[in-house]
Structure formats: structure tokens, C-alpha cells
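Observations on the three-dimensional arrangement
Spelled out, the chains give:
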Amino acid sequence: MSSEMLILGALLSYFVYPEIIGTLALLVSAYFAGDALTTLLLFLASLTVWAGIEDVPKDSARYPKNLFYGLLLLFVYSLLNVGYGGVVFTILSIVFGTGMILYNREATDAARKYLAFMAVAVLLILGGGMWGQLGLLIELGLAPFHFWLPAVYSVSGSALTALFSGLKPAMIAGHLEPSTLAMVVAAISALVGAVLMISQKTLRRVLAYSSIHEFAFVAMAMGLGNLGVMKILVLAHFINKAALFISTKAVIRQLGTDEIEKLGGIANHMPIAAGAFGIAALSVSGVPPLVGYYGKLLLYKQMITGGSLYLALLFLVAEFVALAGMIRTWFNAFMADSRRRGLSGEAFNEKSVLIILIVLMVLGGLYAGLLSSVIVGGA
Amino acid sequence: MAGAYTALLAIVVPIISALAVVGVHFFFPKEIGRSVKKAIGVLAGLLTLYLVLSLIGTGIDTKVISFFGMTFAIRADPLALVFSFVSALFGLLALAYNTGFFTPENRAHEGSNEFRSSFFMLLFLGAMQGVVFSENLLQLFVFYELISLCSYGLISYWYHEFHSRHGAMKCLMMTHIGSLSLLVGSLLQYGYTNTFMIHGLSQSLFSIPSAVLTAVMLLFIVAAMPKAVQFPFHSWLEEATYAPTPATAFLHSAALVKAGIYILARFFSDVFMPYLKTLQPTILAPLIGNLDPFHAIIALVGATTIVVGVSFGFFQEDIKKIIACGTISQLGYMVLALGAGGALGTTAALFHMVNHAFSWGLLFFCAGAIMYRTGLRDMRKMSGLLGNMPITAGTAIVAALAISSVPPLSDFVSKWLIFETLINLNAPLLFGAAFIGSILTAGIAIKMVQIYFGPRRFKVKEVGPALLLPQVGSMGMSLFLGIFPQVLLTFLIIPAASMAFGHVPISISMFGLLQSPIGFLSSTVAGIAIFGGIAIGYVLFLSTYRRVDIYLGGLKPEKIAYDSSQLYFGVNRGLNIMKITVLDPDTYYRKIVGFGFSVSERLSKMESLIDGKLTGILGGREEEKQQ
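Please read all numbers here as calculations on a predicted model, not as lab measurements.

So, about the overall build of chain A. When you go through chain A residue by residue, the secondary structure sums to 18 helices and 0 strands. Scaling as 2.2 N^0.38, a compact globule of 379 residues should have a C-alpha radius of gyration of about 21 Å, and chain A matches this with 19 Å. Expressed along its principal axes, the backbone C-alpha trace of chain A runs to roughly 55 × 45 × 40 Å. Burial status across chain A gives 65% buried among its 379 residues. For chain A, restricting intrachain contacts to residue pairs at least 6 apart in sequence, the fraction spanning at least 24 positions comes to 77%. Carbon and sulfur atoms form 66% of the exposed surface of chain A, whose accessible area is close to 12,700 Å². For chain A, the distance from the average site of its 22 positive side-chain charges to the average site of its 18 negative ones is 4 Å.

What follows is the structure in C-alpha cells.
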């Protein structure tokens, strides 16, 4: 029923109110989703789509936005079915994903890169075994196979990036199997993502490298064979990244740029976006009592009690660097002194979604045990 | 009500009040809302204090309690109660101060409002209670991080100013090191004990391999150091003074820094004691006494911090930073006393911890009052404030006497106990550090009170009662605890120390006469002797006073006067060299951060190069741009 709703939504959105139909289709499909995790993920997807309206300026759009929302719903549809239809739906998700990336005229290079990496990934997945695992790691965007990820994130709108960052890994990571390969790539990715993050100049690129760093935790959980922790991590990651990307979108809509040097001091004009970004920055770095900490805590517990102390320490160091990078970005982008005038603040859709996400980040952390028992039956 | 339930309420009441402050801020009209927020702050402080006081004498109570779907493992015991009492009482004073600080007359920061300050201070108070009453290590970790977050929110209060942002980030990153250490230590021990309960760990100590237990204990020491501002993790405290004054006073005197002291007291005077008692003294025994290796590390860190902290104070001209430096040093005393260990050392450390809150907190309140009126932080621009703000000046002078350990003020008693511990321990190195630190502390006290004397520079008046009452209250506590130390010792400190060590070798008589292993002490009698002596001397001086012209070698004395500051030139120079070369860890931190950035930039360049080539291969345009 969930999938049918998405296809119906894709068709309807071509004719009337694409944003509203897109949001509603995701909400309804969330209602009909079979399990708690998918319900929550689709609910978050609907929030990001609602907040992502007017994401790409009209003059930058390559084709009409009603087509974009149709592609978006089909992208979600194919991701939801990756588990059932295997590589066919993976290919479909890549095709729809590329179509969405191409919505922005300036995203040709990014789309080309995405397509090339995904093509390699699909070929490897078809090879099966260890090659298939490597293909999945490329699809996730882990270092050193991550080049497509910052390219796509830095030219796409927030709805798309949030879906790429939140929904895609949730649907793909579950197919990873416990392996040393996943653990090694995860360790490299955790460190590389965090180190590269601190020298980025734009908000979206910072978030891209933060995602590479975060996916490392997801891959590590699967490398250790802990599906429960992976589920908690992807859900928390989607909540955090949705808040981060929507705040970024609010900034770009107001100022036309996300270059950190040119921002500074917008917290006075956009307190909710600034607050949400700050809380999400802490949450994504695993600071308790926010939603991002619990999955990581369980992962560290498994690593340390399971004898992988050095690996845990490496992740902790990477996490520390990532926290520094995120906080620095937040301060420089939102908090510095500013004499800006004439900014109107967040739009209603951004504001409402950011408030919901703030509540989710706080309550998700306070009730982490309850949340995890709902989505994995007591991790 | 059972102790654990009351303790849980002491955690919950400030946190709910913090949420109420948010509600009021967003949903009440501005003017009414402001008064309601202030009232919520003070009432929550009062209620928390009442709950904490009601725990006195209830003994030890441990329970796992479900509350609104969350599970808390709570342990109310005498050790937790000491810390809880200090944070609740001083928290109340700071919240009261907060009500008068954010007004349009505040020249230091015009136009600011108290919303975030009230919210974070209340949340902080709740989290601090959570730290001390937690029986579960992971729960402790969460509250421990929560207080870091609150400090971060408070220090970055004026976020448009660079110093505030920088200070907040430094505080968060440094204290995060401690939290991560606590987390790793907790998870490491879990692999062997299969429990996160703190006293479960205590019962299973001998089931952990000694190498692992050593690592766990070292991690717990590192966990405490940044929050307890111990060398080399102390440098964030100076920059934390950019928080609003009520918050600074609270963080520096009663909350954040005390959380670090609590970790040391809880684990090294309680939880790990059964194992530590089995260890042999170190080879440094002739210098530091018969201490086991872990207590030796703690004591040496404390001793170093005493000297480093107070030395840095000599170079400060900032009215709040100088107090922060002194605070670092005083925390060194507490850590030193905890490291010296035993019943007497723990008693001394806990007593000094309580006294420190009131005497150094009072100094922050006075500094805040001066900034409120003058808008200045630089002490070189201030003088003659005694005439402008006599009550503030009076309380500040009492505070300066207190930190210089002058009887009958409370610091005298706790410092006495610390010195007595070190004498009993036969630890000349530690005694020397404490002794030098004490002298230097008196030195910075003199530097601090100089601003009240000399010619008047400002046309400002005394601050209002909202700012004066907390000052007078803190001063009153400092006097009360000095004259009647037996009250605090009997009801709070000795029960806490005897929980781990059994007998505490101090007996108390009716009039505050403390009988300890090396003799007896009465702060009141000592105070009467000193001030009585000064009074008699002054009377004698007045009775024989007459003005005569003095000539030295045929010259008036002012002609041949020697600038007394020259006497300290050598000391000053020595300290300065030491500060720049050895003792300032910021030098090394800057190098580490610089190295991190250079690695990141190199890696980024390398990545761009590969990325460009890749784009070129795929027929893109980026390679052309790069070429």
C-alpha cells in the first residue's frame, strides 16, 4: 500500500500542487509502511519535502518542479523496494536520483559523477560476495569512494540532500554483511570525513563530509553485525541531517549563498534555524542527551567490550574532530557579529519543521531506550 | 519520602523550571514574562535547596526509579549531599543575583535579557544534582555532558563577541575530553563487571584484571581533570569568564568545576578505595608521603595546579579573569587534599570545596557589581570604588581576607585542615606547593582589593538590593562557616568522609574547637587574637600619635622612596618566563590545532586534485577550471 501511494502521488503531483501532493504522499505512505523504522523515515522524508519547497530558484531549474516532485516520490519508491527487487530497484533509484540532481542547471558534473560511481557500484553488486559489499560501500559514499557525495550535496536542494543523506543509507546499509572490509572502510571514512570537514568553506560541503563521517558509524555497526544499532543510527542521522539541511536551506534562501565566510551573525534574524543547526551539530556529534548519542554509545559499547578498543578510540578521536568542525561551522556561520538588515527570517514551513525536528532531537535522546525498542525491539 | 525520591525531585524541579522559563518566554507578554521568569528562577532555587536540606541525616538510599518513561538509578548518600548542598545554596544565590543583573542600567551589556541565562542556569542546577545523585555510570555520563552543554550555552551568551564564542568552544572541547574518558572508562569496566552501577563496580573491583583496572582509574582521573580545571586542562576557565556574571559565579564556584571534584571524591575516596588500599606507596614517598600511585598522581596534579593557577593570576588585569586564576589554584587545593587521601584529607577537601563556593563566588558577585556600574573589566582603569560602592567594597574586602585564609573566616579552617593533612602525611613537596600557593593567593587578594582604594575615578553609586543580597549572603556564609565550622562538619562533611573511611580523626566541642591529630584549632579564637591584636595596636598607635617630620640622611623620605613593586620584579619576571615557556598549555594546544588544520588542508588539496582529474575523465568542466 505504501508503494502504491508513492506511485499515485508521483502521478498526481505532475498535475496539481506538486509540493503538497509530494508531502501528503510521503505522509500517507508512512502511515501504511509495514514497520516502525520505515514509518518514521517516511515521516521525516515528508517533513523535509514540506520544508524544501522553493528550494531551487526558478531560473536555476532545468525542468518544471512538478516533474521534480514526481521523480522524488519515485526515488523514494525505488529505495523502499531495494530490499525486495534487488538490483533492479537499485538501478531505478539511481536513475531517479540522477534525474533529481539534474533539476539544478549547475549540477551536470555532480550528476555525471554520481552516475559513474553508482554504475561501478551496481556492477560490483552484481558481482556479489565481497565485491557486492564494496559496491554497497561505494553507494553509501564512504571514503575513499566518496567523491560523488560532496559534489551532489553542494549543488542540490535541501529536500534532495536530506533524502540522500537520510533515507538512502537507511535503505542500503541493511544489506551490508559483517566483514573486515566494512570495518576497515568505516574506520578510514570516520577519520577522513572528520578531518576534511574542518577545512570546508561552504555549509553544504561541511554537511557532506559530516555525512561521510556518520556513514562510517553505520557501516561499522553492520561490519560488526549489529542491525539494531544500525537502525538506531540511521534514524538519528536522518533527524539530525534533516535539521542541518533545512537550516542551511533557510540560510541560502535568505542570503543566496552558503559560503561560511559570507554568513556570520544570522542567528539574530533566524533564531530557530540557528538553534536547530546548533542542536543538530551537537546531536550529530554524539553529545548526550540528544538523539545522536544513543546509537553511538551502543556501538562503542560493542567495540570496547568486544575487544576492539583501538578501533573505538579511533572513532572517538574522529568524533572529537567532527564535533570541533561542526561547532566551529555553527559559530562562524550563525553566531558572529552582524549588521545585516532586511532579512525576513525563516519561512513558515521551515520554522514549523525545524521546531518539530528540535523536539525530536531532544525527546529522541531522552527516550532513546523507548525509541530503540520501538524500531528494533530493544537494542 | 525516601531519600532517593527526594533526590530525584531535586534533579527534576530545576529542569522542569527551566522548561517553564522557555514557555513563559515565548507565550507571556514581555514585561510580565520577565518578572515571572525571575520568580520561577528563585522559587526553583529555593525548592531545590529545601529538598536537598531535607536529605540531611537520611543516610544512604539507592533506588532505580521510573519517571515519565525514563529510568533513573539514584543514590542519595552523604558524599553526594555535600556537593548537592553547595550547588543548591549557591545556585539560589546566583539565581537571585540573576534577577537584578539583566536590567537596562547594566553598563557592561546593555539591552540583554535574562532568558537564556535563567534557562541554562536552572538546567545546569538540575544536571548538577543529576551528576551527584547518579548511581549509574552512563546516567552520570549523560548528566556530566549536560553540564558541559549548559556551560557552553552560558559562556557563549554574548555570542556576537569573539571572546565569548572562543571561550565557549574551548570549554566544550576540553570538558568533552573528560566526558569521553568517563565513557571509555565506564565501557571498559563493563566488559569485566557486567554492570554500570557505580557501587556494583566497587563490589566487583577484584574481578577486573589489574592492567584494565589501572587503565579505568587513569581514565577516571582524566575524566575529572578538565572539569576540575586541573593542569594541563585548566586554561579554559579564564575564557569562561565571558559568561554573564551570575553564570560565571555559578560555574566557577559551585557547579561545573565541582563536578570534576565530585568525580575524584566519588571514585578515589569511595568506589576504588578497596583496591587502592592494597597498593604499595610509590618511590616518591620521601617527597609526597606514603601514597598509592593513583592518589600520588592526583596529589601531584593538584599541587602543580595550585602554583600554576595562582601564578597566572599575577599577570591578569581583568577583574574576572584574576578571580578565575585564583579559582584554578583553589581547586588545586581540593584535588591535592583528595590526593593526600584518608579521612582527614577528604574532610579537608570537602570543607574547602564548600568554603570556596562562598568566598570566591562572592568575589565574582562583587566583580559583577562593579562591571554593572562601570561597564569595565580592566582593573588598571579602576580606583577609589570604596567611596562609590561601600557595601560591595566591604564584602569584597572580606572575601579577599577569606581567600587569604585570615581567621575567623571559613577558608582559614579548611586550609588549616589541608596543611594538617600534609603534615601528617609527611609530604614536604606537597606541603611546599600548598604553602607557596597560599602566599601567592594572598598576593592576588591584595591586587584585587587595590581597586577599592585610591582616588575616585567614577561617578557611580552602589548597586541595588538584588545584587547586594547575594553578596551579603555569601559573606555571611563565609563568616558563619568560619566561626561555626562544627555545623557544616557535623551535619555534612564528617558523615561524607566517614562513609568511606569510617573514623574521622576530628572531634568538635561546643564553641567550634576542633581537636585533630596534631592539636586543636579555633578559628574564632584565632580571629579574636589577630584582630584584637590589631585593634590594641591601633589604639596604642592613636594614643601616642603625633605628626613629626622625618628626615633620612637629610632628605624627606618620599625623596628616597623605593618603589615596593620593584621588590617583586624578580619574582614577576620568573613567573612570566615560566608561564610563557612551560606552564601555558595553550601554546601546545594551538600547535595541535594548527597541525590539525594543516593536515586537513593538505588532505583537502589532495582530494581536490583527484576530484578534478576524475571530473575531467568524466568529461566535466572542473579540470579546465583548475588548469
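Let us keep going from here.
We now examine the sheet that holds strand β4 (residues 514-516) of chain B. Within a beta sheet, neighbouring strands are joined by backbone hydrogen bonds and run either parallel or antiparallel to one another. Residue and element names in this part refer to chain B. Pairing is antiparallel in the open sheet, where 3 strands are placed in the order β3-β4-β5. Only two strands of the sheet have a single neighbouring strand rather than two, namely β3 (507-508) and β5 (519-521). Of the pairings in the sheet, the one linking β4 to β5 comprises 3 bridges and is antiparallel in character. Across the sheet, the residue bridging to Ser516 is Gly519, located in β5. Contacts between helix α19 (residues 410-425) and the sheet are confined to β4 and β5, with β5 contributing the most and set at about 165 degrees to the helix.

Moving on, we come to unusual backbone geometry. The omega angle of the peptide bond from A:Ala143 to A:Pro144 is 5 degrees, so this bond is cis rather than trans. Inspection of the secondary structure puts A:Pro144 in the loop between α8 (129-140) and α9 (148-153). That bond from A:Pro288 to A:Pro289 is cis: its omega, 0 degrees, falls within 30 degrees of zero. You can see A:Pro289 is positioned in the loop between α14 (271-284) and α15 (292-305). Backbone geometry at B:Val229 places phi at a positive 40 degrees, although glycine is not the residue there.

The description of two packed helices rests on the angle between their axes and on the distance between the axes. Residues and elements named next belong to chain A. Put simply, helix α11 (residues 180-197) and helix α16 (residues 309-335) touch, their axes get as near as 8 Å, and they point 25 degrees apart. Classed by the angle they form, the pair α11 and α16 counts as roughly parallel. At the point where α11 passes α16, the crossing takes the left-handed sense. For the pair formed by α11 and α16, the contact residues are Met183, Ala186, Ala187, Ala190, Leu191, Ala194, Val195 and Met197 on the first element and Leu311, Leu314, Phe315, Ala318, Val321, Ala322, Gly325 and Met326 on the second. Classifying every residue of the contact of α11 with α16 by side-chain character gives 15 nonpolar, 1 polar and no charged.

The next subject is the packing of aromatic side chains. All names here are of chain B. With the rule as written, the count across this model stands at 45 aromatic pairs over all chains. Their ring planes at 85 degrees and their centres at 5.3 Å tell us that Phe101 and Phe102 sit as a pair that is edge-to-face. The pair formed by Phe101 and Phe102 is uniform in burial state, with each residue classed as buried. An aromatic cluster of at least three residues, connected via ring pairs, comprises Phe90, Tyr97, Phe101, Phe102, Tyr157, Trp158, Phe358, Phe365 and Tyr372.

Let us look at the confidence of the model for chain B. Residue and element names in this part refer to chain B. Residue-level pLDDT values for chain B average 88, and 92% of them are 70 or greater. Per-residue pLDDT, averaged within each element of chain B, yields its smallest value for helix α26 (residues 622-626) (45) and its largest for helix α8 (residues 210-227) (96). Taken as a whole, residues 623-627 scores under 50 in pLDDT and shows 6 contacts with residues more than four places along the chain or in a different chain.

Okay, the interface of chain A and chain B next. For interface size, the figure often reported is the accessible area lost on association. The interface is formed by 42 residues belonging to chain A together with 45 residues belonging to chain B. The junction of chain A with chain B conceals about 4,000 Å² of combined surface from both sides, 74% of it contributed by carbon and sulfur atoms. Per-residue buried area on chain A facing chain B is highest for A:Phe147, A:Phe320 and A:Phe331; these three make up 14% of the total on that side. Run the count over chain A and chain B and you get 1 salt bridge. When the shortest N-O distance is used, the salt bridge between A:Lys113 and B:Asp611 registers 2.8 Å. For the interface between chain A and chain B, the tally reads 8 residue pairs in polar contact (both at pLDDT 80 or more). Elements with a contribution of two residues or more to the side of chain A that touches chain B: α7 (108-127), α11, α12 (203-223), α15 and α16 of chain A.

Residue and element names in this part refer to chain B. Of all the 7 residues making up strand β2 (residues 70-76), 6 are buried; the element is thus mostly covered by neighbouring parts of the structure. The pairing of strand β1 (residues 61-67) with β2 spans 7 bridges and is classified as antiparallel. Across the sheet, residue Phe67 finds its bridge partner in β2, namely Met70. Linking β1 to β2, which pair antiparallel, is a turn of 2 residues; within it Phe68 sits at a positive phi near 50 degrees.

Let us look at helix α14 (residues 293-313) of chain B. Here α14(B) is 21 residues long and its end C-alpha atoms lie 30 Å apart, about the 30 Å a rise of 1.5 Å per residue gives. One side-chain oxygen of the residue at the start of α14(B) lies 3.0 Å from the amide nitrogen of B:Phe294, identifying that residue as B:Asp292.

For the rest of this paragraph, the subject is a nonpolar patch on the surface. Residues and elements named next belong to chain A. The grouping of Leu8, Leu12, Tyr14, Phe15, Val16, Tyr17, Ile20, Leu24, Leu27 and Leu67 at the surface amounts to a nonpolar patch, some 980 Å² of accessible area in total. Broken down by secondary-structure element, the contributors of at least two residues to the nonpolar patch are α1 (2-13) and α2 (18-32). Of the residues forming the nonpolar patch, the biggest block, 3 residues, is contributed by α2.

Residue and element names in this part refer to chain B. Counting 365 residues, the largest nonpolar core has Phe267, Phe268 and Phe272 as its most contacted members. Ranked by residues supplied to this core, first place goes to helix α16 (residues 342-374) with 21 residues. When neighbours within four sequence positions are excluded, Phe267 is seen to be in contact with Leu137, Leu140, Ile198, Leu201, Phe220, Phe272 and Met273.

Before going further, it helps to spend a moment on the environment of B:Ala259. Residue and element names in this part refer to chain B. Here Ala259 shows up in helix α11 (residues 256-271). Along the chain, Ala259 and Met225 lie 34 residues apart, while their C-alpha atoms are 10.0 Å from each other. Setting aside residues no more than four positions away along its own chain, Ala259 makes contact with Met128, Val131, Tyr144, Ile147 and Lys227.

A word on the packing of α11(B) against helix α15 (residues 321-340) of chain B. Residue and element names in this part refer to chain B. Put simply, α11 and α15 touch, their axes get as near as 10 Å, and they point 5 degrees apart. Here α11 is positioned roughly parallel relative to α15, judged by the angle of their axes. Residues Val257, Lys258, Ile261, Leu264, Ala265 and Ser269 of α11 pack against Leu331, Met334, Val335 and Leu338 of α15.

The rules behind each value
- Residues numbered from 1 in each chain as written.
- Chains lettered and ligands numbered in written order.
- Predicted model: local features only at pLDDT ≥ 70, side-chain atom pairs only at ≥ 80, totals over all residues.
- Heavy atoms only, no water.
- Helix = DSSP H or I, 4+ residues; strand = E, 2+ residues; numbered from the N terminus.
- Rg over C-alpha atoms; globule rule 2.2 N^0.38 Å.
- Buried < 20%, exposed > 50% of the residue type's maximum accessible area, 1.4 Å probe, protein only.
- Contact = heavy atoms within 4.5 Å.
- Areas by Shrake-Rupley, 256 points an atom, 1.4 Å probe, with all protein chains shown as cover.
- Lys, Arg positive; Asp, Glu negative; His and termini not counted.
- Charge placed at Lys NZ, Arg CZ, Asp CG, Glu CD.
- Pairing = 2+ DSSP bridges.
- Axes fitted to C-alpha atoms, helices over the stretch in contact; angles between N-to-C directions.
- Parallel < 35°, antiparallel > 145°, perpendicular 65-115°, else oblique.
- Left-handed = near helix turned anticlockwise from the far one by under 90°.
- Nonpolar A, V, L, I, M, F, W, Y, C, P; charged D, E, K, R; others polar.
- Phe/Tyr/Trp six-rings, centres within 6.5 Å; stacked < 30°, edge-to-face > 60°.
- pLDDT = per-residue confidence, 0-100.
- Buried area = accessible area lost by both parts, 1.4 Å probe.
- Salt bridge = Lys/Arg side-chain N within 4 Å of Asp/Glu carboxyl O.
- Polar contact = N/O pair within 3.5 Å; in protein donor to acceptor, adjacent residues only side chain to side chain.
- Expected span 1.5 Å × (residues − 1).
- Patch = residues over 30% accessible without salt bridge, like charges linked within 9 Å, V, L, I, M, F, W, Y side chains within 5 Å.
- Core = buried A, V, L, I, M, F, W, Y, C linked by side-chain atoms within 4.5 Å.

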